[in-house]
Amino acid sequence: MRLAISGTAGQGKTTLLNAFLDNWEMYTTPDESYRSCIKHAEHSMQTNKETQWNILNHMIDQMEKYTAKDHVIFDRCPLDNLVYTMWAYHKEVGDIDEMFVEKCIPIVRESMKMLDVIFLIPITNVTENDIEDDGVRETDVEYITEIDNFFKAMYKNWSDEDVRFFPE
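Since the model is a prediction, treat every value here as computed from it, not as a measurement.

**Q** Go over the nonpolar core, please, and point to the residues and values.
**A** Phe74, Leu82, Met112, Leu115, Ile147, Met154 and Phe165 are the most contacted members of the largest nonpolar core, which totals 33 residues. Of all elements in the fold, only α3 (49-63), β2 (72-75), α4 (78-90), α5 (98-111) and α6 (141-159) reach the threshold of two or more residues within this core. Here this core takes seven residues from α4, the largest share from any one element. Met154 has contacts with Leu79, Leu82, Val83, Met86, Phe165 and Phe166, leaving out every residue within four places of it along the chain. Listed in part, the eight residues of the second largest apolar core include Ile5, Phe20, Leu21 and Tyr27.

**Q** Could you give an account of the packing of aromatic side chains, with specific residues and numbers?
**A** Throughout the structure, instances matching the rule amount to seven aromatic pairs. Centre to centre, the rings of Phe20 and Trp24 are 6.0 Å apart; their planes meet at 25°, and the pair counts as stacked. With a centroid separation of 4.7 Å and an interplanar angle of 85°, the aromatic rings of Trp87 and Tyr143 are classed as edge-to-face. Residue Trp87 is found in helix α4, and its partner Tyr143 is found in helix α6; the two are separated by 56 residues along the sequence. Put simply, the rings of Phe20, Trp24 and Tyr27 touch in pairs and so form one group of aromatic residues. Between the NZ or CZ atom of Lys103 and the centre of the ring of Trp53, over which it lies, the distance is 4.0 Å.

**Q** Outline the packing of α3 against α5, listing residues and values.
**A** The contact between α3 and α5 brings their axes to 11 Å, and the two run at 10°. Classified by the interaxial angle, the pair formed by α3 and α5 is roughly parallel. Contact residues: α3 offers Lys49, Gln52, Trp53, Leu56, Ile60 and Met63, while α5 offers Phe100, Lys103, Cys104, Ile107, Val108 and Ser111. Grouping the constituent residues of the contact of α3 with α5 by class yields eight nonpolar, two polar and two charged.

**Q** So, the pairing of β2: which residues are in play, and what are the values?
**A** On β2, burial covers both faces: Val72 and Phe74 on one face and Ile73 and Asp75 on the other are all buried. In this sheet, β2 lies alongside strand β1 (residues 2-6) in parallel orientation, the contact comprising four bridges. Within the sheet, the bridge partner assigned to Leu3 lies in β2 and is Ile73.

**Q** Quick one: what's the story with the packing of α3 against α4, residue by residue and with numbers?
**A** Between α3 and α4, whose axes approach to 9 Å, the crossing angle comes to 170°. The pairing of α3 with α4 is recorded here as roughly antiparallel in orientation. Of the residues in α4, those touching α3 at Gln52, Ile55, Leu56, Met59, Ile60 and Met63 are Pro78, Asn81, Tyr84 and Thr85. By residue class, the composition of the contact of α3 with α4 is seven nonpolar, three polar and no charged.

**Q** Can you tell me about the pattern of salt bridges, naming the residues and giving the values?
**A** On inspection of all chains with the given rule, the structure shows seven salt bridges. Residues Lys113 and Glu110 are paired through a salt bridge, measuring 3.0 Å at the closest nitrogen-oxygen approach. The class of Lys113 is partly exposed, set by a relative accessible area of 49%. Put simply, Asp148 and Lys152 hold a salt bridge, and the shortest N to O gap is 2.7 Å. Taken together, the residues span about one helical turn, with Asp148 and Lys152 both in helix α6 at a distance of four residues. Taking the relative accessible area as the measure of exposure, Lys152 reaches 35% and is therefore partly exposed.

Procedures and definitions
- Residues numbered from 1 in each chain as written.
- Predicted model: local features only at pLDDT ≥ 70, side-chain atom pairs only at ≥ 80, totals over all residues.
- Heavy atoms only, no water.
- Core = buried A, V, L, I, M, F, W, Y, C linked by side-chain atoms within 4.5 Å.
- Buried < 20%, exposed > 50% of the residue type's maximum accessible area, 1.4 Å probe, protein only.
- Helix = DSSP H or I, 4+ residues; strand = E, 2+ residues; numbered from the N terminus.
- Contact = heavy atoms within 4.5 Å.
- Phe/Tyr/Trp six-rings, centres within 6.5 Å; stacked < 30°, edge-to-face > 60°.
- Lys NZ or Arg CZ within 6 Å of the ring centre and 35° of its normal.
- Axes fitted to C-alpha atoms, helices over the stretch in contact; angles between N-to-C directions.
- Parallel < 35°, antiparallel > 145°, perpendicular 65-115°, else oblique.
- Nonpolar A, V, L, I, M, F, W, Y, C, P; charged D, E, K, R; others polar.
- Pairing = 2+ DSSP bridges.
- Salt bridge = Lys/Arg side-chain N within 4 Å of Asp/Glu carboxyl O.

What follows is the structure, encoded as structure tokens:
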């Protein structure tokens, strides 16, 4: 089974992934995450087409290494990339334009066929998370909340069986 954990920054995705791996020893995770693509690139609130494209391709390349018979869990997936790309387009960040978003949508939709389950970790009012500044992720609360809203809108599209972002 191919699993992914998605959601905005600071919600415990990597912590959940590590706890999952400790309890489900038959599962693995790719040796290299999308973070390898952003070490020296403008990303998050300063992203651009090149960075988003590199992240998307890296994620898909990693997913293509596995089949439905494998036991793998991913820290983020192409859906995350699309959410961040759409946020950047909406906020007019960098050079991301409508044409780029429209180019990414069918690629992300097709890539969703390589996942069996996506766990979305949303912001809730149940717990408060102190957003850890690890030197890579954004810590801006407004930005993190906006990204979370995009994820929640995507979830609504999925639950409404909207095939624009998800395969039938």
